[in-house]
Amino acid sequence: MENLSTANTNSKKLKLDFKDSKYATGRRKRSIAKVWVKKGSGNIYVNGIKMNDYFKRPVHQIIVTRPLEISEVRTNYDVRCSVKGGGLSGQAGAIILGISKALISHDEILKKNLKKDKLTTRDSRVVERKKYGHRKARRSFQFSKR
């Protein structure tokens, strides 16, 4: 019974103070991320939870920290994200765009490196809708000659 109570305290949402921070919005697929960036020690919080606890897969963790790594400010800024909609990959992509925009509004010098790696543009690809008479968006039902 003791293990359950410690698990709940670890994943509790933290109340974070992000006064005098820069705000940006990032979008990817169906996900929308609101991102606040301020000078700090390199902590990243997603929906009030540490980023490593929210994104379990290492791929997503690497994706989220990519703008900070490229601009070489990993330990200089604290990031707070509020993300909703879509799956984890879309959310990670939305957070990337939000962090990149917020970093640029914080320090204009970082724009050159982030733009070179295409982190400042929105990835507009979304799922294509299913068409009538088809099994999926483009896949038809199997054709039978006889």
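Preceding this paragraph is the structure being described.
Definitions and cut-offs
Residues numbered from 1 in each chain as written. Predicted model: local features only at pLDDT ≥ 70, side-chain atom pairs only at ≥ 80, totals over all residues. Heavy atoms only, no water. Salt bridge = Lys/Arg side-chain N within 4 Å of Asp/Glu carboxyl O. Buried < 20%, exposed > 50% of the residue type's maximum accessible area, 1.4 Å probe, protein only. Helix = DSSP H or I, 4+ residues; strand = E, 2+ residues; numbered from the N terminus.

Quick notes on the pattern of salt bridges
Moving on, step 1. Scanning the entire structure with this criterion turns up five salt bridges.
Moving on, step 2. Residue R74 pairs with E69 through a salt bridge whose shortest N-O separation is 3.3 Å.
Moving on, step 3. The exposure class assigned to R74 is partly exposed, which follows from its relative accessible area of 27%.
Moving on, step 4. R138 is the salt-bridge partner of E128, the closest N and O atoms lying 3.2 Å from each other. Placement of the pair is E128 in the segment after helix 5 (111-116) and R138 in the segment after helix 5, with a sequence separation of 10 residues.
Moving on, step 5. E128 sits in the partly exposed class, given a relative accessible area of 39%.
Moving on, step 6. On the basis of relative accessibility, which here comes to 66%, the residue R138 falls in the exposed class.
Moving on, step 7. Residues joined by salt bridges that share partners form a network here, namely R28, D123 and R125.

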